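A look at the structure
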Amino acid sequence: MPALWIQNARVIDPANKRNAVGDLFVKNGLIVADLSAADKKKAKVIDGTNLVACPGLVDIHVHFREPGQTHKENIATGSHCAAAGGFTTVVCMPNTSPPASNTGTIQYIKDVIKRDAVVKVLTTGCITVDMKGEALAPIGSLAKAGVVAITDDGDCVQSNELMRRACEYAKMFELPIMDHCQDHSMTVDAVMNEGEVSARLGLKGWPNAAEDLIVSRNAILATYTGAHIHMQHISSRNAVEIIRRAKDRGVSISAEATPHHIALTDKCIEGYDPKFKMNPPLRTAEDQEAIIEGLRDGTIDIIATDHAPHTDYEKDKEFDYAPNGILGLETALPVTLDILLRKNRFSLPKVVDLMTRKPADLLKLAAGTLSVGAAADICLFDPKEKWTYDARAGFSKSSNSPWDGEELQGRIKTTIVDGRVVYDGKNVRKR
Amino acid sequence: MSWNRRHLLTLEELSLAELDQIHATAASFKKILTRSVKKVPALRGKTIVNLFLEPSTRTRMAFDMAAKRLSADTISLDAKSSSTTKGESLRDTAQNIEALQADMIVVRHSAPGSPLYLSKILGIPVINAGDGAHEHPTQGLLDTFTMRERLGSLKGRRVVILGDILYSRVARSNIQALKTFGADVTLVGPSTLVPKHLEALGVTVSHDLRSALADAEVVMLLRIQHERQNAGMFPSIGEYTSMFGLNQQRAAWLHPNAIIMHPGPINRGVEIDSELADGPRSVILDQVTNGIAVRMAVLYLCAGGQPEYVTPTG
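Residues numbered from 1 in each chain as written. Chains lettered and ligands numbered in written order. Predicted model: local features only at pLDDT ≥ 70, side-chain atom pairs only at ≥ 80, totals over all residues. Heavy atoms only, no water.

In this section: unusual backbone geometry. Residue and element names in this part refer to chain A. With an omega dihedral of 10 degrees, the bond running from glutamate 66 to proline 67 counts as a cis peptide bond. A cis amide bond links asparagine 279 with the next residue in sequence, proline 280, at an omega value of 0 degrees. Relative to the elements of secondary structure, proline 280 occurs in the loop between α9 (259-263) and α10 (285-297). Positioned with a positive phi, histidine 233 is a non-glycine residue whose angle comes to about 25 degrees. Looking at the element boundaries, histidine 233 is found in the loop between β13 (229-231) and α8 (237-248). (Helix = DSSP H or I, 4+ residues; strand = E, 2+ residues; numbered from the N terminus.)

Dropping the structure here:
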């Protein structure tokens, strides 16, 4: 593998407080401080002029649908989307079919990853058997098999007692618990945020309180058990405040926000278009402001996409019957830049930190840094380039994106994994 | 002014002039209903499909009768007889209906927004006959038509809608039309069924029956469903009736000339006392008759007919 010499890029590496125009060197798949004169002569040179070079992006919340729903996406195509979005490490949710609640399924997924993935794909396991919320999954065995966290994904564990035992048990293995915070008793048949817009549209509402209750529960259980609970895709302003207060008390919790929850509101649903249907639902401008403030002050730790592919024919339905979820990986960076950098004056290093070092640190992943000796996982992007996203021309098997056909600003130019270019701005280098 | 709409999906999007056009056309068609031969050739040769994927009695009959009064051929499909029971999508079902050369589709569906969805994928007119808790435009049209028959102009009139507003498509369509006509609308009922955020519809929300009914010129009752009690929306039917049922004593709070309306079916003794439902203030059966005339007008206009004449704004 030839050495890489990235020249004249704005290198942003929050882990090392680096934010300056300069060069980056890669040898044998690792970041190095410099290359020898001989290596420089042979190195592949990448011109980084006017580009940002940062650690490869890290997303701890994606759905690659393999095994079981590979008509929507599979690990190969999911990893291609990741590469095209600048992501070099992603963490898959366990709501596959069958769910990843036993070591056999985990091993199968790992085998496919080894065979097909072009970026680093990691797995989570279930909290409960088949995500039914009834009995604990073999959490210790799952940990041994290599899962990086446990979660029942969209099937939030409703029993407080079972969740308490899961926390106590997972703590033995220092496994973080990720939770989609939803009290199901308050969201039966709900398809969008409960409020003024749902009142007008006649759609069944999903109240903020259903999220807030579980966030509160989790803060209490994290305090009581000492386990770490990570709250997925926070969408409610009250939930942000609950997390803020718990963190002030030193409770071991963390939280994520998605690009779509900071960019879109429930008003988008006025045309009943299922491409805006997701869970938790898009909420109000007030919720959105609170989430952005949470990202600013550290209450919300990271950005994660919840990349959730569904085919056209599955989404092309009456709003009530369409599945929840949208694609996220290929649009995450430009959308986040638009909202946080351009509209809310976050610094570029802060945005990069939310999508690299911080998510990696949360799950203790060897990623998110350009430190000398670290794996050469690098993302090069042009923060100013405007382009039009065509979901059907993208890398997913699906095209369910609210940004399909929209002009975005900020474009991935090169994605490098272990020193190997896996995306060159146009094509993914398949395995 | 000519009628330019192909579909009737919501009343929210209709202007005052368009509501006037429909009412004026309905008024002319209503005269036909009193003739010995209750039929005109306006839609002769046209085929209208009533796709009712949710149960309905009076709306379905009224649409069917309205189409026949205009000499159209009608075909009715319900959930049991359509291929949706075999897993066929709404898109495919509707596209097949179009491919069978239907000229218009009237759709009742439990999912809000489904008529809008069909209007985007079909080349024939789509008439919303009720989409979940969203809208029931022809009900709103027939209700306001009935009010105008009795009260004349609706501008500044005090209209109370009482009952399960949260889940009511009838309420939403009436609210939209009444706002356009300039009426003053108050929603009243238990806070679980009439939540505060309904004020976003541009109406007053109240849980105090007495002050809401005081001097109201129209009270429109909505049916209370037993399922709502099972879902914990109120403690019992008995409690609902004791708190919000319309009885003689409470009807006395209304304006002396007030009318009482109900889209049906009525739960006698629950949301309304039987004497009131059958009494002189009740226009409940007028609503049913007007439902034919209004639906004739909607079918006729959306099929490309033009208003015969337009009355001044009421």
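Residue and element names in this part refer to chain B. Of all 6 residues that make up strand β4 (residues 126-131), 6 are buried, and the element is covered over most of its length. Where strand β3 (residues 104-109) and β4 come together, 4 bridges link them in parallel fashion. Each bridged residue has a counterpart across the sheet, and for valine 107 the counterpart in β4 is asparagine 128. Handedness of the crossover joining β3 and β4 through helix α4 (residues 114-121): right-handed. (Buried < 20%, exposed > 50% of the residue type's maximum accessible area, 1.4 Å probe, protein only. Pairing = 2+ DSSP bridges. Right-handed = clockwise from strand over helix to strand, strands pointing away.)

On to the packing of aromatic side chains, then. The final tally for this structure, using the stated rule, is 7 aromatic pairs over all chains. Measuring from ring centre to ring centre gives 6.0 Å for A:Trp387 and A:Tyr389, while their planes differ by 80 degrees; the resulting arrangement is edge-to-face. This pair shows no difference in class: A:Trp387 is buried, exactly as A:Tyr389 is. Their ring planes at 90 degrees and their centres at 6.0 Å tell us that A:Phe395 and A:Tyr423 sit as a pair that is edge-to-face. With A:Phe395 in the loop between β16 (378-388) and β17 (407-417) and A:Tyr423 in strand β18 (residues 420-423), the pair connects residues that are 28 residues apart, well separated along the chain. Grouped by ring-pair contacts, the aromatic residues B:Phe234, B:Tyr240 and B:Phe244 constitute a single cluster. One cation-aromatic arrangement involves B:Arg295 over B:Phe63; the distance from NZ or CZ to the ring centre is 5.0 Å. (Phe/Tyr/Trp six-rings, centres within 6.5 Å; stacked < 30°, edge-to-face > 60°. Lys NZ or Arg CZ within 6 Å of the ring centre and 35° of its normal.)

Once that is clear, we can look at the UniProt feature "domain: Aspartate/ornithine carbamoyltransferase Asp/Orn-binding" (unreviewed entry) in chain B. As annotated in UniProt, the feature "domain: Aspartate/ornithine carbamoyltransferase Asp/Orn-binding" (unreviewed entry) corresponds to residues 155-301 of chain B in the numbering used here. Regarding residues 155-301 of chain B, the helix share stands at 39% and the strand share at 14%, and the terminal C-alpha atoms are separated by 25 Å. (UniProt positions renumbered as here; feature names shortened; annotations may be inferred.)

Moving on to the pattern of salt bridges. All names here are of chain A. Enumeration according to the criterion identifies 42 salt bridges over all chains in this entry. For aspartate 338, the salt bridge is made with arginine 342, and the minimal N-O distance between the two is 3.7 Å. Separated by 4 residues within a single helix, aspartate 338 and arginine 342 lie in helix α12 (residues 332-343), roughly one turn from each other. Overall, arginine 342 belongs to the partly exposed group, its relative accessible area being 30%. Each of Glu161, Arg164, Arg165 and Glu168 takes part in a single network of salt bridges with overlapping partners. (Salt bridge = Lys/Arg side-chain N within 4 Å of Asp/Glu carboxyl O.)

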